[in-house]
Amino acid sequence: MNFLKSQDPAVTSIQAHWKGYKQRKKFKDRKQYLKDHSEDAVKIQSMVRMHQARKKYKDRLKYFQDHINDVVKIQAFIRANKARDDYKTLTSAEDPPMAVVRKFVHLLDHSDQDFQEELELMRLREEVVTNIRSNQQLENDLNLMDIKIGLLVKNKITLQEVVSHSKKLTKKNKGQLSNMMMMNKQRGGLKALSKEKRVKLEAYQFLFYLLQTNPTYLAKLIFQMPQNKSTKFMDSVIFTLYNYASNQREEYLLLKLFKTALQEEIKSKVDQMKEIVTGNPTVIKMVVSFHRGARGQNALRQILAPVIKEIMEDKTLNIKTDPVDIYKSWVNQMETQTGEASKLPYDVTPEQAMAHDEVRTRLEASIKNMKTITDKFLSAIIVSVDKIPYGMRFISKVLKDTLHEKFPDATEDELLKIVGNLLYYRYMNPAIVAPDAFDIIEVSAGGQLTTEQRRNLGSVAKMLQHAASNKMFLGDNAHLNPINEYLSASYQKFRRFFLAACDVPSLEDKFNVDQYSDLVTVTKPVIYISIGEIINTHTLLLDHQDAIAPEHNDPIHELLEDLGEVPTIESLIGENPLPPGDPSKELMGKTEVSLTLANKFDVPGEANTEMDAKTLLLNTKRLIVDVIRFQPGETLTEILDLTASPEQEVEYQRAMQRRAIRDAKTPEKMKQVKPVVDDSLTLLGKKDKIRSNLQRLAELGKVHPENRYQDLINDIAKDIRNQRRYRQRRKAELVRLQQTNTALNSKSAFYNVQIDSYNQYIKTCMDNLASKGKLSKKPGDNKAKKSKQVSQKYTAARLHEKGVLIAIEDLQPNQFKNVIFEISPSESVGVFDVKAKLMGVHLETLQLEYQDLLQLQYEGVAVMKLFDRATINVNLLIFLLNKKFYGK
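Counting restarts for each chain: residues are numbered from 1 in the order of the written sequence. At least 70 in pLDDT is required for a residue's local features to be given in this predicted model, at least 80 for side-chain atom pairs to be given and counted, and no such filter applies to totals for whole chains, interfaces and linings, which use all residues. To obtain the side-chain values, all non-hydrogen atoms of the structure were included, while hydrogens and water were left out.

Draft legend 1. Looking closely at the overall build of the chain. What the chain contains, in helices and strands, is 37 helices and nine strands. For every residue, the accessible area (1.4 Å probe, protein chains only) is compared with the maximum for its type, and the residue is labelled buried under 20%, exposed over 50%, or partly exposed between those bounds. Burial status across the chain gives 41% buried among its 888 residues. Residue contacts are defined here by distance: any two heavy atoms, one from each residue, within 4.5 Å place the two residues in contact. The long-range share in the chain, meaning contacts at least 24 apart out of those at least 6 apart in sequence, stands at 74%. Carbon and sulfur atoms make up 52% of the accessible area of the chain, which amounts to about 49,100 Å² in all. Think of it this way: any DSSP run of H or I at least four residues long counts as a helix, any run of E at least two long counts as a strand, and we number them from the N terminus. Throughout, the Shrake-Rupley method with a 1.4 Å probe supplies accessible areas, and for residues the shown protein chains are the sole cover considered.

Draft legend 2. Summary view of the sheet that holds strand β4 (residues 805–808). In space, the three strands of this open sheet follow the order β4-β9-β8, with antiparallel pairing throughout. Of all strands in the sheet, those bounded by a partner on one side alone are β4 and β8 (863–866). Direction aside, neighbouring strands of the sheet carry axes that sit 25° apart on average. Two strands pair when backbone bridges link them, and β4 and strand β9 (residues 870–873) are joined in this way by three bridges, in the antiparallel orientation. Residue pairing for β9: Ala807 is matched across the bridge by Thr871. When DSSP finds at least two bridges between two strands, those strands are taken to pair. Whenever a helix is involved, its axis is fitted only over the stretch in contact; in every case the axis is a line through C-alpha atoms, and angles between N-to-C directions fall within 0 to 180 degrees.

Draft legend 3. Quick look at the pairing of β9. Side chains Ala870 and Ile872 of β9 all project onto a buried face; the interleaved residues Thr871 and Asn873 project onto the opposite face, where all are buried too. Count of turn residues in the β8/β9 antiparallel hairpin: three residues, of which Phe867 carries a positive phi of about 55°.

Draft legend 4. Quick peek at unusual backbone geometry. Phi at Asn470 is positive, roughly 55°, even though this residue is not glycine. Here Asn470 lies in the loop between α21 (451–468) and α22 (484–502).

Draft legend 5. Highlighting a nonpolar patch on the surface. Judged by side-chain polarity, Leu838, Met839, Val841 and Leu843 come together as a nonpolar surface patch covering roughly 390 Å² of accessible area. Take Val841: it is sitting in strand β7 (residues 841–849). Patch rule: a residue counts if its relative accessible area is over 30% and it has no salt bridge; like charges are joined within 9 Å, and nonpolar side chains (Val, Leu, Ile, Met, Phe, Trp, Tyr) within 5 Å. Salt bridge, as applied in this entry: a Lys or Arg side-chain nitrogen positioned within 4 Å of an Asp or Glu carboxyl oxygen.

Draft legend 6. Spotlight on the pattern of salt bridges. If you walk through the whole model with that rule in mind, you get 15 salt bridges. A salt bridge links Lys62 to Asp66; its shortest N-O distance comes to 3.2 Å. You can see Lys62 and its partner Asp66 sitting in helix α3 (residues 38–66), four residues apart, about one turn around the helix. Through salt bridges that share partners, Glu412, Asp413 and Arg495 make up one connected network.

Draft legend 7. Expanded view of the sheet that holds strand β6 (residues 831–838). If you walk across this open sheet you meet the four strands as β3-β5-β6-β7, and the pairing is antiparallel. The two strands at the open ends of the sheet, each matched to only one other strand, are β3 (792–795) and β7. Between one strand axis and the next, the sheet turns through 20° on average, direction left out of account. Two elements, strand β5 (residues 819–825) and β6, share seven bridges in a ladder whose sense is antiparallel. Across the sheet, Val819 pairs through a bridge with Leu838, a residue of β6.

Draft legend 8. Summary view of helix α19 (residues 390–406). The end-to-end C-alpha separation of α19 is 24 Å, in line with the 24 Å expected for 17 residues at 1.5 Å each. For α19, a buried count of twelve out of 17 residues is recorded, marking the element as mostly surrounded by other parts of the structure. Close packing links the buried residues of α19 with α12 (248–269), α13 (275–278), α14 (282–291), α20 (412–433), α22 and α23 (507–511). Any helix carries an expected span of 1.5 Å times its number of residues minus one.

Draft legend 9. Structural context of the nonpolar core. Among the nonpolar cores identified, the biggest contains 139 residues, and Phe208, Leu304, Phe377, Phe494, Ile556 and Leu595 are the most heavily contacted of them. In terms of residues, this core owes the most to one element, α20, which gives eleven residues. Here Phe208 is in contact with Leu241, Ile527, Ile529, Ile534, Thr537, Leu595 and Leu597, once residues within four sequence places are set aside. In this description, a nonpolar core means a group of buried Ala, Val, Leu, Ile, Met, Phe, Trp, Tyr and Cys residues linked to one another through side-chain atoms lying within 4.5 Å. Among the nonpolar cores identified, the runner-up in size contains 33 residues, and Leu108, Phe630, Tyr652 and Leu694 belong to it.

Functional significance is not addressed by these values, which are geometric in nature.
Okay, here's the thing in structure tokens:
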């Protein structure tokens, strides 16, 4: 045992060697076995790995399927972030990378939706213009009808004359306008006439394009005409020329005209600042008139309607600030309550009225009520800066800046008072005083505001007017002195409001004028104008040609020379000449045509040395857009230097074929005036064209080769941004036009209700007259009636005694006995033949229309001329005609 123990290390070593041998042998045998079966081992390993991979894939797939919504959201978020980052780079980077621009360059293409929206836009513009015209005509006729019915009620005119005018009132006005336009389209209008007429039409299209885009001509023309004529010209032609600013482009151009005309008027006509307030400038009237239209009216309705309705619904509100009125109301109330005559005198002075405690108490209560209501109006106004139409705010800014330029010593308060006169007094005040007349509130046909409501609104308007102009109550209004402190505080609020209103972007920034040029323009500008307006404009331009364009090389001279003499209405329409005074001529003059405006002075696109730099730049950008979409590269120079692969060339040709098919389907009136680029060129051909254009643009200093033409890539990025903005604005414009059209149709429906009301009133009058005639008719009535209609003869001396005749030129009063006037009714109702004789010798005959006399009386004209020599008192002549011919 001891021996074994002593040999333990050796035994252990032997055992270890034996075990080692056995393990190595086992390993070698296993290795040999695996080597002999290596193919089977690989297969097994592959199957295991495949099983593991499949299991892992299925588990992962199941996980994704269980969370599919989350996956989609994450993917959309990542894509959106990437697209947002790219678009942010496009819009904000000083030099957007070519890769980013390439991603968004497809936005410059015009889709089918673009064309559909443009067509709908054109249709709505035409419909809006037609509705505006028909409503204006209806409104004018209805206003005149109001006057005539008022005169009838006062026994100033006969029923027959009212009936005569009522025949002009028809619900077909809008339909007639539409039919005339439709008939004109079916015939092709002027476009369907001879070659000579076609040339004439194109000449007018060139002329109106120049007038529309260059405001200087119309601005000067307005000042060449008397104020009454310039107002009519404005209503009939200027707003028509700009389609009542029915789209962004035309609103921009119209406001540009307003700006130019206002600056011209201030520089040439205004010697003192107060003349803007007292002189009622033509341009200011134009601006206010335009912005009281549909869009300005909506703004006023939003600002003022709630507070106006609150006043109208408060039946207890009775604002009186005249002490005498308060005194009389108090006395009447006492007499009504007691049933006894008051011992107080009825006629008193303001000072005597204010001596009574009751009057002072009532005045204080009235002033308190007025302050409360005025505060509500003021609060509604000063928070509404953003609701005021941009055009009103922009013209306010132009007014302030132009006055400051001409009167540099004027204080800011003085300038802001002028702005306040425009924004509050001219724009808002009339809508507060007469909300029914400006459609701020709805009033049913035949309904009207009560006297108390009008007085309350008038009192508030007067307070606001004083506050806006920082004018205190003094002198005769001394009893209102307690309000002055309130007025001063209110003026400070108005002052901040006027300053905020003038803080607007420039026209170019607001309308982003580039969006109407370069790659984003889809349609050519179109206006809808009557034949009469075309002829009227042509005549005025010829009459004032030298004043509006003193330079002999001015392009308008060439256009007017192309047009020649002013044509007749019949010649433009293609009808046979009509005799003067024929009523059909007036109807023909209302025939409307659509003029597709174009610039005669465009330089042809393919002219080499004469090509306009802007046109060349546009063509080059379009060529670059077509190339970079199909050929990759980091810079423009790299793309131009690389050769296009056959696959890229094939893809490009397919895209050009698709464009050709799309262009073939484009409506004629939406096609470009001329193609921007030639799509028949190959990709290589366009690249050669780009190189040639870049060389010429570099010579003109428009591009810079040293920065690898990055400025052109920046321009394309800007066009992409503008195209997006244009589409957004177009959608907004479609909504606005639809709203405007709906409002116009509602207004037309309201006018039609009024027409029905008037027709019913006239029918009732006619029935009553017929019934009265049947009941009171006696033998001899016809004879008596006939005797009423015989002619009446008067010497001038007798008419002088009656006060009808005031004077006769070159004739002394003692010679009046030698002049005889004979007045006799003509066959037409309300028309009289007046003959004048001197010493028995017939001198002259004229026709006198009773309706004209009534209109003169309504307008406050006291005297008129007959035969260009006799001065007549209008009121006494009407009295004489009433007495002798109408038995009144």
